[in-house]
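Analysis of the macromolecular model
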Amino acid sequence: MARIVDHPVRVLRLEAGLTQLKLAELAGVNRAAVSAVEDGRTAMPVDRVLEVLAGSTGRTVDEVRLLIEFWNRQPLVLVLKPSVQSLLLIPPYLLGQYYSSFGEWRREFASTVTGFASLFRVNPAIVRRFEDGVLERMPDSLAQRLVQGLGVGGDYLVALEGLRRG
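This structure is a prediction, so every number in the text was calculated from the model and none was measured. (Residues numbered from 1 in each chain as written. Predicted model: local features only at pLDDT ≥ 70, side-chain atom pairs only at ≥ 80, totals over all residues. Heavy atoms only, no water.)

Once that is clear, we can look at the overall build of the protein. In terms of regular secondary structure, the protein is built from twelve helices and zero strands. Mapped from its N terminus to its C terminus, the protein presents α and β elements in the order α-α-α-α-α-α-α-α-α-α-α-α. C-alpha atoms of the protein, sized along the principal axes, occupy 55 × 25 × 25 Å. Burial status across the protein gives 43% buried among its 166 residues. Of the roughly 8,600 Å² that the protein leaves accessible, carbon and sulfur atoms contribute 53%. Positive and negative charge centroids in the protein, built from 20 and 18 side chains respectively, lie 4 Å apart. (Helix = DSSP H or I, 4+ residues; strand = E, 2+ residues; numbered from the N terminus. Buried < 20%, exposed > 50% of the residue type's maximum accessible area, 1.4 Å probe, protein only. Areas by Shrake-Rupley, 256 points an atom, 1.4 Å probe, with all protein chains shown as cover. Lys, Arg positive; Asp, Glu negative; His and termini not counted. Charge placed at Lys NZ, Arg CZ, Asp CG, Glu CD.)

The structure is reproduced here in structure tokens:
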């Protein structure tokens, strides 16, 4: 799965010498909740996670919260493999000749929906529902992250929406 190496929760957890599982146990949450924050799929952990991180690193809860809020406000900057950079050079009107489905296009970025969602900091359920054809249109949250992270325009988004789903 795609990990966001500089996410403040991950950095503070490692600084405290805690595994995701240990942090989760100390905070009384599921490990998946910690993972979701570190992967950028959840914007802010529950207060108990903040309290454990603060206590383990000598910071206040407010300091930990501010670090996470600041990180969340930073623009999405992706470091893309050369093959993915090349895919973005394909004119939107030709995307359908290279990719038979949105899922096939998405797999150029990450092998799993969760990995793709983490990369773009969106909820994987949104990506999955769009990819499976449950949603007719690309959700605004996903479209905004694609524009921000990839620098693509509306014509590219329209072409992605036109790829087979489901």
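From this point on, the discussion continues.
It is the contact of helix α9 (residues 113-120) with helix α10 (residues 124-131), at a shortest axis distance of 8 Å, that shows an interaxial angle of 125 degrees. The pairing of α9 with α10 is recorded here as oblique in orientation. Considering the relative orientation of α9 and α10, their crossing is right-handed. Facing Val113, Thr114, Phe116 and Ala117 of α9, the residues of α10 in contact are Pro124, Val127, Arg128 and Glu131. Of the residues that constitute the contact of α9 with α10, the class distribution is five nonpolar, one polar and two charged. (Axes fitted to C-alpha atoms, helices over the stretch in contact; angles between N-to-C directions. Parallel < 35°, antiparallel > 145°, perpendicular 65-115°, else oblique. Left-handed = near helix turned anticlockwise from the far one by under 90°. Contact = heavy atoms within 4.5 Å. Nonpolar A, V, L, I, M, F, W, Y, C, P; charged D, E, K, R; others polar.)

Another aspect to go through is the confidence of the model for the protein. For the protein, mean pLDDT is 91; residues scoring 70 or higher make up 98% of the total. Across the protein, the secondary-structure element scoring lowest on mean pLDDT is α9, at 86, and the one scoring highest is helix α2 (residues 20-27), at 98. (pLDDT = per-residue confidence, 0-100.)

Inspection of the secondary structure assignment puts Leu26 in helix α2. Residues Leu26 and Val49 lie 23 residues apart in sequence; the distance between their C-alpha atoms is 8.0 Å. Not counting residues up to four positions away in its chain, the partners in contact with Leu26 are Leu18, Arg48 and Val52.

Let us look at unusual backbone geometry. With phi around 60 degrees, Arg121 is a residue other than glycine that occupies positive phi space. Along the chain, the position of Arg121 falls in the loop between α9 and α10. Under the relative-accessibility criterion, Arg121 is labelled buried at 17%.

Here we take up the nonpolar core. Here is a general trend for soluble globular proteins: nonpolar side chains tend to be buried in one another's company. Trp105, Leu146, Leu150 and Leu160 are the most contacted members of the largest nonpolar core, which has 33 residues in total. When residues of this core are traced back to their parent elements, those giving at least two are α6 (82-87), α8 (102-106), α9, α10, α11 (140-150) and α12 (154-162). Those residues in contact with Leu160 that sit more than four places away from it in its chain are Leu95, Phe102, Trp105, Phe130, Met138 and Leu146. Counting 15 residues, the second-largest nonpolar core is a separate cluster that includes Leu18, Ala24, Val34 and Val52. (Core = buried A, V, L, I, M, F, W, Y, C linked by side-chain atoms within 4.5 Å.)

This part is about helix α5 (residues 61-73). The α-helix advances 3.6 residues per turn, and as a result positions three or four apart in sequence lie on the same side. Between its terminal C-alpha atoms α5 stretches 18 Å, which fits the 18 Å expected from 13 residues at 1.5 Å a residue. For α5, the full list of buried residues reads Val64, Ile68 and Trp71. All buried residues of α5 project into a common sector of 65 degrees when viewed along the axis, lining one side. Exposed side chains of α5 directed beyond 90 degrees from the buried face belong to Asp62, Leu66 and Arg73. Tucked inside the fold, the buried residues of α5 contact α1 (8-15) and α4 (47-57). (Expected span 1.5 Å × (residues − 1). Arc of directions from axis to C-beta.)

Glancing now at the environment of Ser35. Inspection of the secondary structure puts Ser35 in helix α3 (residues 31-38). Separated by eleven residues in the primary sequence, Ser35 and Ala24 have C-alpha atoms spaced 9.4 Å apart.

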